[in-house]
Amino acid sequence: VKPMTPRCTVPKAVPVGKTASLHCHENEGYPKSTYSWYRNSEPLSPDTKSNAKFHNSSYTLNPTTGTLVFHAVHKGDTGRYSCIATNDAGFAKCEEQEMEV
C-alpha cells in the first residue's frame, strides 16, 4: 500500500545553539515507510560523517522513525524542510515548512 502524505512537524523558529526536533510520520503505508528529509529541496544525508557537505551539521536523522534532530542549530540550518515517506509501493511528500534559526 502506497504511503499517505506524511504529517510533518517543523519548529517555526529556534534560537542558535538550541535543539530542534522535526518529525515526519504516516501510518497507512504497507510495508512500513522509511523517511528522508530535505532542506531547500536538497536531500539530508542520514550519515553526516561520510558526507563532506554535511560535516559541520550536528543532526541525527532516523529513517525508520522519521525524526530529524538538530543538537545545536546554527544559522546554516535555516531553510525549507520537507519529508518523503517511501515504501515498495511508492512515496508521498509533505508540504515544505520554513524553519528560522
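Please refer to the structure higher up on the page.
What you are looking at is a predicted structure, and each value in this text was computed from that prediction instead of being measured.

Colleague: Describe the nonpolar core, and please don't skip the residues or the numbers.
Modeller: Ranked by size, the top nonpolar core spans 20 residues in total, and within it Leu22, Trp37, Leu68, Phe70, Tyr81 and Met99 carry the most contacts. Elements with a contribution of two residues or more to this core: strand 2 (20-25), strand 3 (34-39), strand 5 (59-62), strand 6 (67-70) and strand 7 (79-87). If we ignore the near neighbours within four places in the chain, the residues touching leucine 22 are Thr9, Val10, Pro11, Trp37, Gly66, Thr67, Leu68, Phe70, Tyr81 and Met99.

Colleague: Could you give me a rundown of the state of the cysteines, with the residues and numbers involved?
Modeller: One pass over the structure, following the stated rule, counts 2 disulfides. The side chain of cysteine 8 participates in a disulfide bridge whose partner is cysteine 94; the two sulfur atoms lie 2.0 Å from each other. With the S-S bond torsion at -100°, the cross-link from cysteine 8 to cysteine 94 turns out left-handed. Of the two residues, cysteine 8 sits in strand 1 (residues 7-9) while cysteine 94 sits in the loop between strand 8 (90-93) and strand 9 (97-99), which places them 86 residues apart along the sequence. In this pair, the class of cysteine 8 matches that of cysteine 94, namely buried. What links to what in the protein chain: the bonded cysteines, counted in sequence order, pair as 1-4, 2-3.

Colleague: If you had to explain the packing of aromatic side chains to someone new, which residues and values would you point to?
Modeller: For the coordinates displayed, the defined rule picks out 2 aromatic pairs. Here the aromatic rings of phenylalanine 70 and tyrosine 81 are separated by 5.9 Å at their centres, their planes lie at 80°, and the arrangement is edge-to-face. Taken together, the positions of phenylalanine 70 in strand 6 and tyrosine 81 in strand 7 put the pair 11 residues apart, joining distant regions of the chain. Comparing phenylalanine 70 with tyrosine 81 shows no difference in burial state: the two are buried. Counting every residue linked through ring pairs, the aromatic cluster contains Tyr59, Phe70 and Tyr81.

Colleague: Hey, could you go over the side chain of serine 33 for me, with residue numbers and the actual values?
Modeller: On the secondary structure map, serine 33 appears in the loop between strand 2 and strand 3. The class for serine 33 is buried, based on a relative accessible area of 7%. Here glutamate 26 takes part through its side chain, which lies 2.6 Å from a polar atom of the side chain of serine 33. Apart from the residues within four sequence positions on either side, serine 33 is in contact with Pro3, Glu26, Pro63, Thr64, Ala85, Thr86 and Asn87.

Colleague: Can you break down the environment of arginine 80 residue by residue, with the values?
Modeller: The topology assignment puts arginine 80 in strand 7. A sequence separation of 45 residues divides arginine 80 from tyrosine 35, and the C-alpha atoms of the two residues are 17 Å apart. Not counting residues up to four positions away in its chain, the partners in contact with arginine 80 are Tyr38, Arg39, Asn40, Glu96, Gln97 and Glu98. At a separation of 2.8 Å, a polar atom in the side chain of arginine 80 contacts the side chain of glutamate 96.

Basis of the calculations
Residues numbered from 1 in each chain as written. Predicted model: local features only at pLDDT ≥ 70, side-chain atom pairs only at ≥ 80, totals over all residues. Heavy atoms only, no water. Core = buried A, V, L, I, M, F, W, Y, C linked by side-chain atoms within 4.5 Å. Buried < 20%, exposed > 50% of the residue type's maximum accessible area, 1.4 Å probe, protein only. Helix = DSSP H or I, 4+ residues; strand = E, 2+ residues; numbered from the N terminus. Contact = heavy atoms within 4.5 Å. Disulfide = S-S within 2.5 Å. Phe/Tyr/Trp six-rings, centres within 6.5 Å; stacked < 30°, edge-to-face > 60°. Polar contact = N/O pair within 3.5 Å; in protein donor to acceptor, adjacent residues only side chain to side chain.

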